[in-house]
There are 2 protein chains.
Amino acid sequence: MDTTERTEQALAAERRKRELLEAADRVVLRDGPGASMNAIAAEAGITKPILYRHFGDKGGLYAALAKRHTDALLASLRAALDAPSERRARVESTLDTYLAAIEGAPQVYRFLMHPAESASPGEQGFDVGRHSAPLLRRLGEELAQVIAERVDLGSDSERLARVWGHGIVGMMHAAGDWWLGERPCSRAELVRDLADLLWGRLAAAGDREGGPGF
Amino acid sequence: MDTTERTEQALAAERRKRELLEAADRVVLRDGPGASMNAIAAEAGITKPILYRHFGDKGGLYAALAKRHTDALLASLRAALDAPSERRARVESTLDTYLAAIEGAPQVYRFLMHPAESASPGEQGFDVGRHSAPLLRRLGEELAQVIAERVDLGSDSERLARVWGHGIVGMMHAAGDWWLGERPCSRAELVRDLADLLWGRLAAAGDREGGPGF
DNA sequence: AACACCTTGTTACTTGCGGTAACAAGAGTC
DNA sequence: GACTCTTGTTACCGCAAGTAACAAGGTGTT
């Protein structure tokens, strides 16, 4: 058992794992998040126990699958977030990047965020809540870090940045989710409206008929 | 089959339904959201088919259960939202009401929002995504209506109000979720920070060391 | 050559859940 | 007394997660 062989086998195992993940990806994107382990195994040309050997349980497969997409999304968002432009432009381009991503691959989005929907009834598919949260959490922390690095907040800046990071990510997520379902306006409009909200336009707007007491 | 009897029976059925819901509530809050229909039936002192007669399927039971809590939360939020005070005070008190609610009954909150977590492994319990969304959607629409009614936005005010409604609700939800898990600060601080965010403090803050190009 | 070992793969099983049929029993109605 | 309606039961089906237990091929050791 020399080391070169060990690594070779390990590499082979990782390749295999990637292949399995790609098969799982195809099935999940085709059949929705309720895809059964049997179906995934069939698509990969093997049988269930092998999946379990590689991923432990269904949650493991899900997590591995989610990590791929999550990492890809995070990478593209980081690019927008780290651009050397004005803050408003950065915010708008980040929002737009996110919305373009979920618009371009809504199946992936629904898998990551709402795995229990969009499939034949009788679903009990992948557990959702346990895995959709991590993506949003990571996004929130990432944004918090960028804010803390680049924006001059007084004391308590770390806490403030984290609150805002998670809050903004939540705003983006909820608005994007609603928008993706109803398509009430164009992407550019949504981006502008959300940026306006962050820029305090709600606070600046006047009261309607009847004054502040109404 | 005179009408009085009909209504009496209908009333009895509704009472029964309420009893069943209360039993389901106890079980779900005790065993987590993965509680099986069998367990719920046992808690109610009956057997499964009766549950199915009353609620159709598990989703129906879930929906009925969620509706109770959702309605209660919405009612208390409406009160804060409709108070005759300044806008900032209203926003803060609404945020605080929401956070106090999820802080006071985190089990209920987790059931409504993350039903797949917090139970013994092997969960495939209630479908979550399909039902947590409605609460947030309703909240968003509700807030949108209040904004549209009370805030003077120029043209396109309806769309703007809806975008902001859903966005703000998402912000509140994500920040609350993160805060409930990590408890990084007091409730009052969180409320103030979120209100500051909505008041444009992020946009107003200066860049850190290196100017806008950095 | 024969042995042990590890990896990959299989078939066949158990367990547990959602959901449903089929049947039993009490209570009012004609 | 027969009819029907509601409430309840037991016993079952189907299906998906997860788990032995076993088969076969390559590899190193003696």
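Residues numbered from 1 in each chain as written. Chains lettered and ligands numbered in written order. Predicted model: local features only at pLDDT ≥ 70, side-chain atom pairs only at ≥ 80, totals over all residues. Heavy atoms only, no water.

Participant: Whenever I open this one, the nonpolar core confuses me. Can you help?
Facilitator: Across soluble globular proteins, you tend to see nonpolar side chains buried next to one another. The biggest cluster of nonpolar side chains holds 116 residues, and the ones touching the most others in it are L61, Y98, W164 and I168 of chain A together with L61, Y98 and W164 of chain B. Y98 of chain B has contacts with L73, L77, Y109, M113, M172 and H173 of chain B, leaving out every residue within four places of it along the chain. (Core = buried A, V, L, I, M, F, W, Y, C linked by side-chain atoms within 4.5 Å. Buried < 20%, exposed > 50% of the residue type's maximum accessible area, 1.4 Å probe, protein only. Contact = heavy atoms within 4.5 Å.)

Participant: Got a minute to help me understand the UniProt feature "DNA-binding region" (unreviewed entry) in chain A in this structure?
Facilitator: Those residues carrying the UniProt feature "DNA-binding region" (unreviewed entry) are residues 36-55 of chain A in this numbering. End C-alpha to end C-alpha, residues 36-55 of chain A measures 14 Å, and it is 80% helix and 0% strand. (UniProt positions renumbered as here; feature names shortened; annotations may be inferred. Helix = DSSP H or I, 4+ residues; strand = E, 2+ residues; numbered from the N terminus.)

Participant: Got a minute to help me understand the protein's contact with DNA strand D in this structure?
Facilitator: Close to DNA strand D lie 16 residues; K48, Y52 and K58 of chain A together with T47 and R53 of chain B are nearest. Counting only the atoms of DNA strand D that lie within 4 Å of the protein, the sugar and phosphate share comes to 49%. One of the backbone nitrogen or oxygen atoms of M37 of chain A is found 3.0 Å away from a phosphate oxygen of DNA strand D. One of the side-chain nitrogen or oxygen atoms of Y52 of chain A is found 3.3 Å away from a phosphate oxygen of DNA strand D. (Near = heavy atom within 4 Å. Polar contact = N/O pair within 3.5 Å; in protein donor to acceptor, adjacent residues only side chain to side chain.)

Participant: Explanation requested: the packing of helix α5 (residues 87-104) of chain B against helix α9 (residues 187-198) of chain B in the structure shown.
Facilitator: The description of two packed helices rests on the angle between their axes and on the distance between the axes. Residue and element names in this part refer to chain B. Their axes nearest at 9 Å, the elements α5 and α9 cross at an angle of 135 degrees. Taken together, the axes of α5 and α9 lie oblique to each other. Taken as a pair, α5 and α9 cross one another with a handedness that is right-handed. Contacts between α5 and α9 involve R88, V91, E92, L95, D96, L99, A100 and E103 from the first element and R187, L190, V191, R192, L194, A195, D196 and L198 from the second. Here the residues of the contact of α5 with α9 sort into 9 nonpolar, no polar and 7 charged. (Axes fitted to C-alpha atoms, helices over the stretch in contact; angles between N-to-C directions. Parallel < 35°, antiparallel > 145°, perpendicular 65-115°, else oblique. Left-handed = near helix turned anticlockwise from the far one by under 90°. Nonpolar A, V, L, I, M, F, W, Y, C, P; charged D, E, K, R; others polar.)

Participant: I keep staring at the environment of Q107 of chain B and nothing clicks. Help me out?
Facilitator: All names here are of chain B. Structurally, the position occupied by Q107 is in helix α6 (residues 106-113). The class of Q107 is exposed, set by a relative accessible area of 52%. Taking the C-alpha atoms as reference, Q107 lies 8.9 Å from V28; in sequence the two are 79 residues apart. In terms of polar contacts, Q107 uses its side chain to reach the backbone carbonyl oxygen of L29, at 3.4 Å.

Participant: What's the story with the packing of helix α3 (residues 48-55) of chain A against helix α4 (residues 58-81) of chain A in this structure? I'm lost.
Facilitator: Residue and element names in this part refer to chain A. Where α3 meets α4, the axes come as close as 8 Å, and the angle between the chain directions of the two elements is 65 degrees. Between α3 and α4, the angle falls in the class roughly perpendicular. Relative to α4, α3 is oriented so that their crossing is left-handed. For the pair formed by α3 and α4, the contact residues are L51, Y52 and F55 on the first element and K58, G60, L61 and A64 on the second. When its residues are assigned to classes, the contact of α3 with α4 shows 5 nonpolar, 1 polar and 1 charged.

Participant: Mind showing me how you'd approach the side chain of H69 of chain B here?
Facilitator: Residues and elements named next belong to chain B. With respect to the helices and strands, H69 occurs in helix α4 (residues 58-81). Residue H69 is classed as buried on the basis of its relative accessible area, which comes to 16%. Here the side chain of H69 touches L65 through a polar contact of 3.4 Å, landing on its backbone oxygen. For H69, the residues in contact, after removing those within four places along its chain, are D25, V108 and L112.

Participant: Which parts of the structure should I look at to understand the pattern of salt bridges?
Facilitator: When charged atoms on two side chains of opposite charge get close, those side chains can pair. Summed over the entire model, instances satisfying the criterion amount to 44 salt bridges over all chains. D71 of chain A is the salt-bridge partner of R138 of chain A, the closest N and O atoms lying 2.9 Å from each other. Of the two residues, R138 of chain A sits in helix α7 (residues 129-150) while D71 of chain A sits in helix α4, which places them 67 residues apart along the sequence. When its relative accessible area of 35% is taken as the criterion, R138 of chain A is described as partly exposed. In this structure, D207 of chain A engages R87 of chain B in a salt bridge whose closest nitrogen and oxygen atoms are separated by 3.0 Å. Of the two residues, D207 of chain A sits in strand β2 (residues 206-207) while R87 of chain B sits in helix α5, which places them in two different chains. (Salt bridge = Lys/Arg side-chain N within 4 Å of Asp/Glu carboxyl O.)

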